[in-house]
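Descriptive analysis of the structure
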Amino acid sequence: MNNRISHILENNSIDSKLKSIAQKVIAGERINPEEGVLLFDADLAFLGSLANYIREKKHQNFTYFNRNIHIEPTNICVFDCKFCSYSKLLKHKTEGWELSEEDILKKMEEYKDQPITEVHIVGGVHPKMGLHYFANLIKKVKEIRPDIHVKAFTAVELEYMCRKAKVSFEEGLRILKENGQDSLPGGGAEIFDEKIRAEICNDKCSSEQWLEIHETAHKLGMPSNATMLYGHIEEPKHLIDHMNRLRELQDKTQGFNTFIPLKFRNGENQMSHIPEVSVIDDLKVYAISRIFMDNFPHLKAYWPMIGRNTAQLSLSYGVNDIDGTIDDTTKIYSMAGAEEQSPSLSTQQLVELIKNVKRHPIERDTVYNTIKDYKDFIFDKQQESKSY
Ligand code: V47
Ligand code: SF4
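For the structure given in this document, a descriptive report is provided here.

Rules used in this analysis
- Residues numbered from 1 in each chain as written.
- Chains lettered and ligands numbered in written order.
- Predicted model: local features only at pLDDT ≥ 70, side-chain atom pairs only at ≥ 80, totals over all residues.
- Heavy atoms only, no water.
- Near = heavy atom within 4 Å.
- Polar contact = N/O pair within 3.5 Å; in protein donor to acceptor, adjacent residues only side chain to side chain.
- Areas by Shrake-Rupley, 256 points an atom, 1.4 Å probe, with all protein chains shown as cover.
- Helix = DSSP H or I, 4+ residues; strand = E, 2+ residues; numbered from the N terminus.
- Nonpolar A, V, L, I, M, F, W, Y, C, P; charged D, E, K, R; others polar.
- Phe/Tyr/Trp six-rings, centres within 6.5 Å; stacked < 30°, edge-to-face > 60°.
- Buried < 20%, exposed > 50% of the residue type's maximum accessible area, 1.4 Å probe, protein only.
- Lys NZ or Arg CZ within 6 Å of the ring centre and 35° of its normal.

**Topic: the site of ligand 1**
What surrounds ligand 1 is a group of 25 residues, the closest being Phe83, Lys151, Gly186, Gly188 and Glu190. Gly188 is positioned with one of its backbone polar atoms (N or O) 2.7 Å from an oxygen atom of ligand 1. The contact in question runs from a nitrogen atom of ligand 1 to an N or O atom on the backbone of Arg265, over 2.9 Å. Protein coverage of the free-state accessible area of ligand 1, which is 620 Å², stands at 96%. For the shell around ligand 1, the secondary structure elements donating two or more residues are strand E7 (224-230) and strand E8 (256-263).

**Some points on the site of ligand 2**
Cys77, Phe79, Cys81, Phe83, Cys84, Tyr86, Ser87, Gly124, Val156 and Lys204 make up every residue found near ligand 2. Looking at the shell around ligand 2, its residues break down into seven nonpolar, two polar and one charged.

**So, the packing of aromatic side chains**
Applying the stated criterion across every chain, the model contains 13 aromatic pairs. A centroid spacing of 4.6 Å and a plane angle of 50° characterise the contact between Phe134 and Phe153, whose relative ring orientation is tilted. Remark: Phe153 occurs in the loop between strand E6 (149-152) and helix H7 (155-165) and Phe134 occurs in helix H6 (residues 131-144); sequence separation between them is 19 residues. Classification of Phe134 as buried rests on a relative accessible area of 5%. When the ring of Tyr374 is compared with that of Phe379, the centres are 5.8 Å apart and the planes differ by 10°; the resulting orientation is stacked. Note on Phe379: relative accessible area 16%, which makes it buried. Among the aromatic residues, ring-to-ring pairing joins Phe192, Trp210, Phe256, Phe259 and Phe296 into one connected group. Just above the ring of Tyr368 sits the side chain of Arg364; from NZ or CZ to the centre is 4.3 Å.

Following this line, the structure appears as structure tokens:
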């Protein structure tokens, strides 16, 4: 047992309920939702010690990243989520962008010979880009790069596509899988509590549908991630309820890879009057997620959203993954006011970011197979300038 953990158990000033939670966690037992809510009253040092204990027990010092690109086909969206700075409603169509199939395939061609392992395709929900359009697009993406992992379409996009194509979720996902979709990203989950969801994103897929789509994907052998939007009008009990619904589904399917808490950013959206939470709150949410989500293998800090410094800090608060190199095509956070206005890091920069906080960088593929261990790797001068 490390020093931080013995300090918790021997410290008489720690509340007895929190101490008993710590004992459970150290014994490898699951904590219940009431205990989860109590954790929000604990101080950051306590939470960090416990979360880091779990993180190192599960993953030692390893910190994962991948080499991916993002393709956002459009930001035109039929929905009107109040927190979204990115989308342009259909009625303001001229202010948005729509990539043609040709644009998207051209981008794939540009990366044809680059050592990326994943393409992440998500965007607004455009009424003209339907299930068969996307199935055909993915097929063509795979013709260009048969080995690439296609992580595509949030449950929000999938619900709309299936509804418009008049197919069940299972049928829709089967069609996409047959055409090359490998997994689902975690977006669109926001907050499952129905009252909060109605206030922040009333018109898109329900919590029940989000969970059903992921359950169906898992049944078909497509793994997925799950996100949680925190730091707006929700309370601790809503965050724990959200995590609990995911934990229950994971018990059933084991299909989730990674949990990704997403900090609400207040730039240029209908919730701009709500102040953003502090870095301390960010670290608390990561730590509590790591403690509560005992059956999720990985916890990701999405660096384009929280910035590189908080991403480095998060590695001591339960996080073991900091997403990918990402080129500058993802706009969802820069448009919401995130520090990273052009989110791109070369492999070398990512590796250094991880090594600078004494963690062990591992490049992974989407499903966490090791691609390369960078512990003792020295970049040569020529590689330094390259992104990939
Ligand atoms: O669902 C939108 C969020 C999500 C804002 O699975 C906002 O690997 C904060 O899910 N402030 C989409 N968040 C992005 C996403 C994602 C990102 C990276 C990796 C993966 C993965 C998934 O972005 C949306 C919504 O929760 N979002 N606007 C905002 N103003
Ligand atoms: Fe559309 Fe997604 Fe933005 Fe909601 S969060 S408005 S579904 S792009």
